[in-house]
Structures are given as C-alpha cells and as structure tokens.
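Remarks on the overall topology
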Amino acid sequence: MLPLVDHHCHGVLRTDPDDSAFEAFLTESDAPAAPGTSFFDTQLGFAVRRWCPPLLGLEPHCPPERYLARRRELGAQEANRLLLGASGIGTYLVDTGLPGDLTSPAELARLGGAEAREIVRLEHLAERCGAEEQDPDKFLAVLADAIGAAAGTAAGFKSVAGYRYGLDLDPEPPGQAELRAATAAWLAAGAGRLADPVLLRHLLWSAAHTGLPLQIHTGFGDPDLRLHRCDPLLLTDFIRAVRPTGCRLVLLHGYPYHRSAGYLAHVYPHVYADVGLSLAHTGARAEAVLAEFLELAPFGKLLFSTDAYGLAELYVVGARLYGEALDRLLNGWTGSGAWSAADAERVAALVSAGNAERVYGA
C-alpha cells in the first residue's frame, strides 16, 4: 500500500460505543435506522465488515454482532491501535471542530504510529471567541488575533459554511458597517451556532488572507445541510474573487457534485478536489466514483482523505477502498496501453500523498 497523507479527518472515540452508537457512525442520517433495517446494510457497513474483522482476529464479513463483541473484548484503546496501525496512513491532518470525547491530533498520531497536524474549523473558532467576548468591536479583534495565532501552527483552515447557510454566499468580503451590524446581532442573540452569512463570509476571507490552505465542505453530509445549496459550482464567483490572495481552496467531498469539483480544479489553478467521504459511502462502487474524479481533475490537484470520524474503522475502510479502487483503475489503464506503468505509479503517489505534501507542507 502506498504511504498515505489523510488531509481531512477527525478524532476517534476514546471509549467503546454501544451497538447503536457504533451504527450511527455508518450513516450521514441523524436518525436511527428505519424499523427492521440496519445501517450495516449499506455500502459502508459492508465495507467495514469486509476490511476490519481480520484486523481484530476475525474472518471477513463476520456478523456485526460478533464484530462488535470482539471490539468490546479488546477495548477501545487496543481496537483503535490495531485498526489505525493497519490503515497505511502516515500523516493525519485533523479537523478538531467536532464535539464528543474524541482523540486529539497527538493522540491519534500515537495510536496510528503516524504524524498529525491540526486543521482549524473557522466556525468553531469564532463561536469560542463569541463565548469570551460580547462587545462587537472587541470580538472582531479577538477573532482576528485567534485566526492569526492559529495560522502560526495549523496546517490549514476549514469552513462548514455549506452546512450553516449554503455555498450561495455573496462572494465579496463584507464591508465594515455590514460586518459590525451582523456581529452585534449575533452576539446579542447569545453567540450560538454561527449561521449568519455575513460572518461566514468574513471567516472565509480572514482565512484566505493568512495564506494557508482553506478547506470548504461541499456536497453531501447530514440533514443539517440542504444538498442543492452545497454544489461547489456555487462557489465560482468566490473562487474568482479570492484568487489574488494566493489562498489554495480545497473542495471537500463533493458527491454527488464531485465532477463539478473536478471541473473547478481543472480551470482554476488555486482549486483542489478531495476524494474523502465519497469513496467510503459508495463502497463497492468506489472505483466508479474515483474514475469520475479522475476524468477532469488534474492529477496534481486531487487529494486522498478518509473524513473518518469517531470510529477507527472508517480510517481503514477509507484507505482500503481508495487503494483497491485506484489499483483496479490504474491496472486497467496500463493494461490497455492508455497509460504507462511509470505514469500510473507517479499519479498514484501524487494523489495518495504528494499533492497533500505540496499543498499543506505536510
């Protein structure tokens, strides 16, 4: 397996989840499975049962009940160590903005025998600042300082504006009067979940001006978003406007708009596309989805990730599905004579690690 840089992922649970909590990580739904069904009966669920049981001493495709019992026998720490250690990932770039009792980047690195750096989620950072400072002018100053400080240590920033509002934002940075009014209204309302489009634009532009890569969620996710407002093509005017800053934009996930993300990476030099989440959830169809990513996206602008969250199994599945799909595609293209073996090997190394190393300095 190629050495992998997972440029977008999250921590894993420090404690053992019960059966229903484990299943909840196999779906983007925020509700339990329909009566009489299971989230194990999905492409992702089948992939977990294919790739993970052998790493814990069981046969592939064993029943979910047997797998979960074995996981509990080992305990969360040991199961996480075995699974992460077998993932083939050498570097984790960890979004630390999700709630829960999750491992830190340093803990994840120790468990996986790898390296890790942080990706700072902008909305989470702003909400922390809002909890500390309620005066609008002072809040904006504190936020600017916090973004500047994060830029000194983090590998990059991430925005979930697609979740909070949609990607159909005004592409230009907000004016000072507009920004102060929106800030005052948000703080007066209790500085809760940040969904104001003016503040979201301010965060995007603030991050862009740091010079670090900026990850933006696009495409599918949990029901908190409206999928039609997460098409990356909605970012076209922002992509054009932000280009003079030198900021590199990384369009996460994309599915089912992953071809649109590939197009944007094709025509704009500062835009990159990510295969994470899409491949894990499409499972046995991952080869077809990866092939669609590779249609238009320049090979030096496509990045591997797992978007694993909560379960170490999701690191294994994300890496294995990617590796298997890539091998089948490249073997087919070299076998037909369309690609040389040397070019196939070089492209595999770029997507697996080299592109992320260049973009993030990982």
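The text that follows walks through the structure, step by step, so that each part is easy to find. Keep in mind that this is a model prediction, so the values were computed, not measured.

This part is about the pairing of strand S3 (residues 115-121). Relative to S3, strand S2 (residues 89-95) runs parallel, the two sharing five bridges. Residue pairing across strands places Asp-95 opposite Ile-119, the latter belonging to S3. Tracing the backbone out of S2, into helix H5 (residues 105-112) and back to the parallel element S3 gives a crossover that is right-handed.

Another aspect to go through is helix H3 (residues 64-74). It helps to recall that an α-helix has 3.6 residues per turn; residues three or four apart then point in one direction. Among all positions in H3, only Pro-64, Tyr-67, Leu-68 and Arg-71 are buried. Seen end-on, H3 carries its buried residues on one side only, within an arc spanning 95°. Away from its buried face, by an angle of more than 90 degrees, H3 presents the exposed residues Glu-65 and Glu-73. Of the residues flanking the end of H3, it is Gly-75, one or two places downstream, whose phi is positive at about 90°.

So, about empty space enclosed by the protein. The final tally for this structure, using the stated rule, is two cavities of 30 Å³ or more. Of the volumes computed, that of the largest cavity is approximately 50 Å³. For the largest cavity, the full set of lining residues is Leu-167, Leu-169, Asp-170, Pro-171, Arg-201, Leu-204, Trp-205, Leu-234, Leu-235 and Phe-238. Considering each element in turn, the lining of the largest cavity owes the most residues, three residues, to helix H10 (residues 197-208).

This brings us to the packing of aromatic side chains. Across all of its chains, the model carries ten aromatic pairs by this definition. Residues Tyr-92 and Tyr-315 carry aromatic rings whose centres are separated by 5.3 Å and whose planes lie at 80° to one another, so their mutual orientation is edge-to-face. Here Tyr-315 lies in helix H15 (residues 313-335) and Tyr-92 lies in strand S2, a separation of 223 residues in the sequence. With respect to burial, Tyr-92 and Tyr-315 carry one shared label: buried. Taken together through their ring pairs, the aromatic side chains of Phe-22, Phe-40 and Tyr-67 make up a single cluster. The ring centre of Trp-51 lies 3.9 Å from the NZ or CZ of Arg-50, which sits over that ring.

Here we come to the packing of helix H6 (residues 122-132) against helix H7 (residues 136-151). Following both chains from N to C, one finds H6 and H7 inclined at 135°, their axes separated by 9 Å at the closest point. Looking at the two axes, H6 sits oblique to H7. Every pair of crossing elements has a handedness; the one defined by H6 and H7 is right-handed. Between H6 and H7, the residues in contact are Leu-125, Ala-126, Cys-129 and Gly-130 and Phe-139, Val-142, Leu-143, Ala-146 and Ile-147, respectively. Within the contact of H6 with H7, the residues separate by chemical class into eight nonpolar, one polar and no charged.

Definitions and cut-offs
Residues numbered from 1 in each chain as written. Predicted model: local features only at pLDDT ≥ 70, side-chain atom pairs only at ≥ 80, totals over all residues. Heavy atoms only, no water. Pairing = 2+ DSSP bridges. Helix = DSSP H or I, 4+ residues; strand = E, 2+ residues; numbered from the N terminus. Right-handed = clockwise from strand over helix to strand, strands pointing away. Buried < 20%, exposed > 50% of the residue type's maximum accessible area, 1.4 Å probe, protein only. Arc of directions from axis to C-beta. 1 Å grid on protein atoms, 1.4 Å probe; cavity = no way out; pocket = protein on both sides within 12 Å on 5 of 7 lines; lining within 4 Å. Points joined across faces, edges and corners; volume = space filled by probe spheres on them. Phe/Tyr/Trp six-rings, centres within 6.5 Å; stacked < 30°, edge-to-face > 60°. Lys NZ or Arg CZ within 6 Å of the ring centre and 35° of its normal. Axes fitted to C-alpha atoms, helices over the stretch in contact; angles between N-to-C directions. Parallel < 35°, antiparallel > 145°, perpendicular 65-115°, else oblique. Left-handed = near helix turned anticlockwise from the far one by under 90°. Contact = heavy atoms within 4.5 Å. Nonpolar A, V, L, I, M, F, W, Y, C, P; charged D, E, K, R; others polar.

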